[in-house]
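Notes for the structure review
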Amino acid sequence: MILNNLRMALTGDPVNIRVTNERIAEVLPSRFDSWPDKINLDFDGAMVFPGLVNSHDHLDFNLFQPLGDRVYSNYTEWGRYLHTNYKEDINKVLQVPTALREQWGVYKNLLSGVTTVINHGKKIKKAAGHITVYENCQCIHSVRFEKKWWLALNNPLKKNMAVAIHTGEGTDMSSKQEIDTLLQGNLLKRPLVAIHGVAMNKEQAGSFRALVWCPESNDFLLNATAPINCLKKHVPILFGTDSTLTGNWNIWEHIRRARETQYMTDKELLNTLTINPAKTWQLGCGEIAPYKSADLVVANNKGNNHDAFFSLNPEDILMVISKGAISLFDEELHDQLKKIDTDNYSKIYIKGRCKYIAGDLPLLMQKIKQYYPEADFPVI
């Protein structure tokens, strides 16, 4: 596959990319006109960037609307409030079989340009396969919600496997103490990836392999978020959305919320979605460079400045490539893609823009609505 006439996000540098199988074979500033290939695309100066990595999501919880109507001190307070005041809302969603909810969670990420998502929870039985669902880590919910967290953490059979765990998700003293309890209980010194860390301080941060920042989720529950401007000096920062229980389905809204804090430079923020998670989870992606996994996103070019990148939305995405396979493309590319079999794609519309997406998303939405007629999807 040849991708010609692109410009790198943030820098605007001209770039042309050749993809072979699942990897980027070559990246040059000049066109590949002399290279014959089954798929040879011209993007007329569109923006390109590495496929985004969402380092924290609960794939089976993305049919919910955000639930909560006040500020909470920590996640346990919110959890108790949730199950007392929103029982009916919760039960309606949970009527949908888990596999269907997980598949929608995958599509939610794909629609926004995410090519890898780290799912927190039980391993899913069958992913849609259109992006990478990373589950090569041990997920422990938290110190306060998981009764046998200590035994799970100190399992000698998993001592070399990274642990992803919610910790410090609150603004009170108990949330800070929870982080200390976790660190003191890590007898095997396993690599810990903290999720949220709102109450985390720099001394605690140095004991973690990475911290997943979920600013929109934190703001929704706590009206606060982790002090990333301080913590970034002590621990690698990754980016996560959490589920739609606590935030928008569109990851770009979360990214803009993060940018508004000014806790990071634009480049640092992009790195939380690309290079940093690729290193932490050992993914082999995150960069547009030879031999890296061909996880790429092409979007309409609204300009070559930073604001153009951070103003993107799902309707602006022209193409998503996951491990060298086209998972989504805009209708405007249809004539250039006549050589591929579009029978394996379905047509959807996002804010009036027609997209072709791998698999049968309309059928999935139809199945979900048989169980949950009120399901509100951002696409038609």
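A brief structural summary. (Residues numbered from 1 in each chain as written. Predicted model: local features only at pLDDT ≥ 70, side-chain atom pairs only at ≥ 80, totals over all residues. Heavy atoms only, no water.)

1. Overview of empty space enclosed by the protein
Our working rule: Cavities and pockets were defined on a 1 Å grid built from protein atoms only: a cavity is a group of points that admits a 1.4 Å probe but offers it no way out, a pocket is an open group of points flanked by protein on both sides within 12 Å along at least five of seven lines, and a lining residue is one with an atom within 4 Å of any such point. Grid points are joined across faces, edges and corners, and a volume is the space filled by probe spheres set on the points. In this classification, Asp, Glu, Lys and Arg are treated as charged, Ala, Val, Leu, Ile, Met, Phe, Trp, Tyr, Cys and Pro as nonpolar, and every other residue, Gly included, as polar.
Tallied over the full model, the rule gives one cavity of 30 Å³ or more. Quantified by volume, the largest cavity comes out at close to 40 Å³. Around the largest cavity sit Arg-7, Met-8, Ala-9, Leu-10, Gly-12, Met-47, Asn-301, Gly-303, Asn-304 and Asn-305, which together line it. Here the lining of the largest cavity is composed, by residue class, of four nonpolar, five polar and one charged.

2. A few points about the sheet that holds strand 10 (residues 192-196)
In plain terms, the rule: Strand pairing requires that DSSP identify at least two bridges connecting the strands. Strands are runs of DSSP state E lasting at least two residues, helices are runs of H or I lasting at least four, and both sets are numbered from the N terminus onward. Axis lines are fitted to C-alpha atoms, over the contacting stretch for helices. Their N-to-C directions set the angle, which ranges from 0 to 180 degrees. Throughout, a residue-residue contact means that at least one pair of heavy atoms, one from each residue, lies within 4.5 Å.
In space, the five strands of this open sheet follow the order 8-9-10-11-12, with parallel pairing throughout. Of all strands in the sheet, those with a lone pairing partner are strand 8 (138-140) and strand 12 (237-239), marking the two edges. Between one strand axis and the next, the sheet turns through 25° on average, direction left out of account. Note that strand 9 (residues 163-167) and strand 10 share five bridges and pair parallel. Its bridge partner being in strand 10, Ile-165 is matched across the sheet by Ala-194. In the packing of helix 5 (residues 173-185) onto the sheet, contacts are made with strand 9 and strand 10, and the angle to strand 9 comes to roughly 155°.

3. Thoughts on the pairing of strand 9
Put simply, the rule is: Type-normalised accessible area, obtained with a 1.4 Å probe on protein chains alone, sets the label of each residue: buried when under 20%, exposed when over 50%, and partly exposed for intermediate values. When the strands point away from the viewer, a crossover counts as right-handed if the path from the first strand over the helix to the second runs clockwise.
In terms of residue burial, strand 9 counts as a mostly covered element, since five of its five residues are buried. Two strands pair when backbone bridges link them, and strand 8 and strand 9 are joined in this way by three bridges, in the parallel orientation. Looking at strand 9, one finds that Cys-139 is bridged to Ala-164. On the question of chirality, the crossover connecting strand 9 to the parallel strand 10 by way of helix 5 is right-handed.

4. Quick look at the nonpolar core
Defined as follows: What we call a nonpolar core is a set of buried Ala, Val, Leu, Ile, Met, Phe, Trp, Tyr and Cys residues that are connected through their side-chain atoms within 4.5 Å.
Of all hydrophobic cores here, the largest spans 83 residues; its most connected members are Phe-49 and Phe-309. Ranked by residues supplied to this core, first place goes to helix 3 (residues 98-111) with six residues. If we ignore the near neighbours within four places in the chain, the residues touching Phe-49 are Ala-9, Trp-252, Ile-288, Leu-296, Val-297, Ala-299, Phe-309 and Leu-312. If you look at the next biggest cluster of nonpolar residues, it comprises 28 residues, including Val-19, Ala-46, Leu-296 and Tyr-345.

5. Quick look at the pairing of strand 14 (residues 317-322)
Most of strand 14 sits out of view: six of its six residues are buried. Inspection of the sheet shows strand 13 (residues 296-299) paired to strand 14 by four bridges, in the antiparallel sense. Each bridged residue has a counterpart across the sheet, and for Val-297 the counterpart in strand 14 is Val-320. Pairing of strand 14 with strand 15 (residues 325-330), which is carried by four bridges, proceeds in the antiparallel orientation. Looking across to strand 15, one finds that Met-319 is bridged to Phe-329.

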